[in-house]
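Descriptive analysis of the structure
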Amino acid sequence: MNYFEYRNGEMFAEGVRVADIAEKVGTPFYLYSTASLAHQFNQFKEAFGDVDLLICYAVKANTNQAVIKTLAELGAGADVVSEGEMRRALKAGVPAEKIVYSGVAKTVSEMTFALNQGIYQFNVESEPELYQLSSIAAELGKTADITFRVNPDVDAKTHAKISTGKSENKFGVPWKSIRELCTRAAALPGIKLVGLDLHIGSQITELDPFEAAFTRISGLVETLREDGHDISRIDLGGGLGIPYEGDDFPPLPREYAEMVTRVTEHLNCKIIIEPGRFLVGNAGILVSKVVYVKKGEEREFLIIDAAMNDLVRPSMYDAYHGIVPVVESSEESVLYDVVGPVCETGDTFATNRLITPMKSGDLLAIRSVGAYGAVMSSTYNTRPLIPEVLVKKNDFAVVRPRPTYDEIIGLDQLAPWLSE
Ligand SMILES: *Cc1c(COP(=O)(O)O)cnc(C)c1O
């Protein structure tokens, strides 16, 4: 469902004219829709019916406090991969007992923090991590509920940089070693093995890889129970893809949930899922202004005021994003290369894209940037991080303001021998 629609030729975000926000906030900026976040979350919730389900929003996709809080109020827990993310989730109102901790390199201080907060579960990814966690938990007199992240050796058929479930990837424990590791875990102080987890990659657009992985984890749960372990949870990770224009349509939550239920129902486990992109990806656009239209020898360039430092997905993952004018036109579309101001050829959002004719000062929107957009931005070229704005019905609020140049430059300090 799309919450960024044209009315009388002008783009609205829910009930607010996008051009009005641009006027108030200045370009470029990220713009998120509350209704879209809620719609996506409720789709998952409803798809699973009365399955015992915990939806842990993978906050790394978009860590803005307002976004996390919007989802938390709908009942979401959180999947975090750092102490910083855990602090953000707690601050936005996600209770510790709904937070799961993923990641291959949890440090002593991160584990200590999470244990002291009363985290729901650690998703343990290696044997050294298991021993580290055991010793910290025992020292604190606490018990860490853990799942082991299984590496199921399944090809998620997605971009290589976001594929995580093959045996050559750094993630998880090889599925063939799980049984032995669980035996060791059972003998350790401070550790309670409660289940298994996995996460095979991101922007997955077919059900087959999920099903292969979930079948593997289900088989392992049966084996572990035969070995005498009390397995009560399975955490299936995130990864469900979203439609970026030009993509095949990924499976719907209903289809995903049906498959999950078919593969896992007989186990009677609590199901945890960790969607990131699915919840927030299509809930955001990036609004930018055309600075110059430049006719090259072979191409026509739309040079816009957003750049790769604001949205890195096209240059990092060859990602396709729809680019549309904020004000519709009846003129015939022309081919543009849409580029930013950064001094790198990689600073390109699209090549040979059909867009209606644009001129300097016109606004355009880059679609489907709610996930892995703002969170991956940087201040490269000393470009201030761009504001984030949240819309709800007829209201909007700046949920992260644009920093001033003094704030950015003031983060640096001179070495003593350079000061006056
Ligand atoms: C990134 C990540 C997710 C979320 O992935 P999406 O593709 O955004 O749904 C979930 N779980 C883990 C462990 C992750 O690393």
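Note: the structure precedes this text.
We now turn to the structure provided with this report. Remember, predicted model here, so these are calculated numbers, not experimental data.

On to the overall build of the protein chain. Looking only at helices and strands, the protein chain has 12 helices and 21 strands in total. For the protein chain, the spread of C-alpha atoms along the three principal axes comes to 70 × 65 × 40 Å. Counting over 420 residues, the protein chain shows a buried share of 54%. For the protein chain, restricting intrachain contacts to residue pairs at least 6 apart in sequence, the fraction spanning at least 24 positions comes to 69%. As displayed, the protein chain offers around 18,800 Å² of accessible surface, 50% of which is attributable to carbon and sulfur atoms.

Further remarks concern the layout of surface pockets. Counted as a void, the largest pocket has a volume near 610 Å³. Along the wall of the largest pocket there are 32 residues; nearest its centre are Lys60, Thr164, Phe171, His199 and Tyr372. When residues in the lining of the largest pocket are grouped by element, the largest group, 3 residues, is from helix 11 (residues 313–317). Tallied by class, residues from the lining of the largest pocket come to 9 nonpolar, 13 polar and 10 charged. Both domains that furnish three or more residues to the lining of the largest pocket are identified here as domain 1 (4–31 + 281–409) and domain 2 (34–280).

The next thing to look at is the side chain of Asn62. Summarising the element assignment, Asn62 is placed in the loop between strand 5 (53–58) and helix 3 (65–73). The class for Asn62 is buried, based on a relative accessible area of 2%. Reaching out from Asn62, the side chain makes a polar contact with the backbone oxygen of Gly370 at a distance of 3.0 Å. With residues up to four places along the chain from it excluded, the contact list for Asn62 reads Tyr32, Tyr57, Val67, Ile68, Val280, Gly370, Val375 and Glu388.

Our focus in this paragraph is the packing of aromatic side chains. Going through the model one piece at a time under the given rule, you end up with 9 aromatic pairs. Residues Phe44 and Tyr256 carry aromatic rings whose centres are separated by 5.8 Å and whose planes lie at 80° to one another, so their mutual orientation is edge-to-face. Here Phe44 is found in helix 2 (residues 34–47), whereas its partner Tyr256 is found in helix 9 (residues 253–264), with 212 residues between them in sequence. Tyr256 carries the same exposure label as Phe44, and that label is buried.

For the ligand, the set of nearby residues contains 14 residues, the closest of which are Lys60, Ser202, Glu274, Arg277 and Tyr372. Taking Asp79, its side chain carries an N or O atom lying 3.2 Å from a nitrogen atom of the ligand. Tyr372 places a polar side-chain atom, nitrogen or oxygen, 2.5 Å from an oxygen atom of the ligand. Expressed as a share of its isolated accessible area of 390 Å², the protein-covered part of the ligand is 93%. Of the pockets mapped on this structure, the ligand occupies the largest pocket. Here the residues of the shell around the ligand are counted per class, giving 3 nonpolar, 6 polar and 5 charged.

Close approach of charged atoms lets side chains of opposite charge pair. Summed over all chains, the structure comprises 18 salt bridges. Arg184 serves as the salt-bridge partner of Glu127, at 2.5 Å between the closest nitrogen and oxygen. Of this pair, Glu127 sits in helix 6 (residues 127–140) while Arg184 sits in helix 7 (residues 178–186), and the two are 57 residues apart along the sequence. Among the residues examined, Glu127 registers a relative accessible area of 29% and is labelled partly exposed. On the accessibility criterion, Arg184 (31% relative accessible area) is partly exposed. When salt bridges with common partners are traced through the structure, they connect Glu10, Arg17 and Asp20 into a single cluster.

With that out of the way, let us pick up the sheet that holds strand 2 (residues 10–13). Pairing in this open sheet of 3 strands is antiparallel, and the strands run 1-2-3 from one edge to the other. The strands lining the two open edges of the sheet, one partner per strand, are strand 1 (4–7) and strand 3 (16–17).

Together, Leu414, Trp417 and Leu418 give the surface a local cluster of nonpolar side chains, amounting to about 430 Å² of exposed area. Within the fold, Trp417 resides in the segment after helix 12 (405–409). Classification of Trp417 by relative accessible area gives exposed; the value is 72%.

So, on to helix 4 (residues 83–91). For an α-helix, 3.6 residues make a turn, and residues three or four places apart therefore share a direction. Buried within helix 4 we find Glu83, Glu85, Met86 and Ala89. Around the axis of helix 4, the buried residues are gathered within 160° of arc, so they sit on the same side. Where helix 4 is buried, its residues touch helix 3, strand 6 (77–80), strand 7 (99–101) and helix 5 (108–117). Directly beyond the C-terminal end of helix 4, a positive phi value near 100° is found at Gly93.

What counts, and where the lines are drawn
- Residues numbered from 1 in each chain as written.
- Predicted model: local features only at pLDDT ≥ 70, side-chain atom pairs only at ≥ 80, totals over all residues.
- Heavy atoms only, no water.
- Helix = DSSP H or I, 4+ residues; strand = E, 2+ residues; numbered from the N terminus.
- Buried < 20%, exposed > 50% of the residue type's maximum accessible area, 1.4 Å probe, protein only.
- Contact = heavy atoms within 4.5 Å.
- Areas by Shrake-Rupley, 256 points an atom, 1.4 Å probe, with all protein chains shown as cover.
- 1 Å grid on protein atoms, 1.4 Å probe; cavity = no way out; pocket = protein on both sides within 12 Å on 5 of 7 lines; lining within 4 Å.
- Points joined across faces, edges and corners; volume = space filled by probe spheres on them.
- Nonpolar A, V, L, I, M, F, W, Y, C, P; charged D, E, K, R; others polar.
- Domains from an automatic or database assignment.
- Polar contact = N/O pair within 3.5 Å; in protein donor to acceptor, adjacent residues only side chain to side chain.
- Phe/Tyr/Trp six-rings, centres within 6.5 Å; stacked < 30°, edge-to-face > 60°.
- Near = heavy atom within 4 Å.
- Sits in = over half its atoms within 2 Å of the grid points.
- Salt bridge = Lys/Arg side-chain N within 4 Å of Asp/Glu carboxyl O.
- Pairing = 2+ DSSP bridges.
- Patch = residues over 30% accessible without salt bridge, like charges linked within 9 Å, V, L, I, M, F, W, Y side chains within 5 Å.
- Arc of directions from axis to C-beta.

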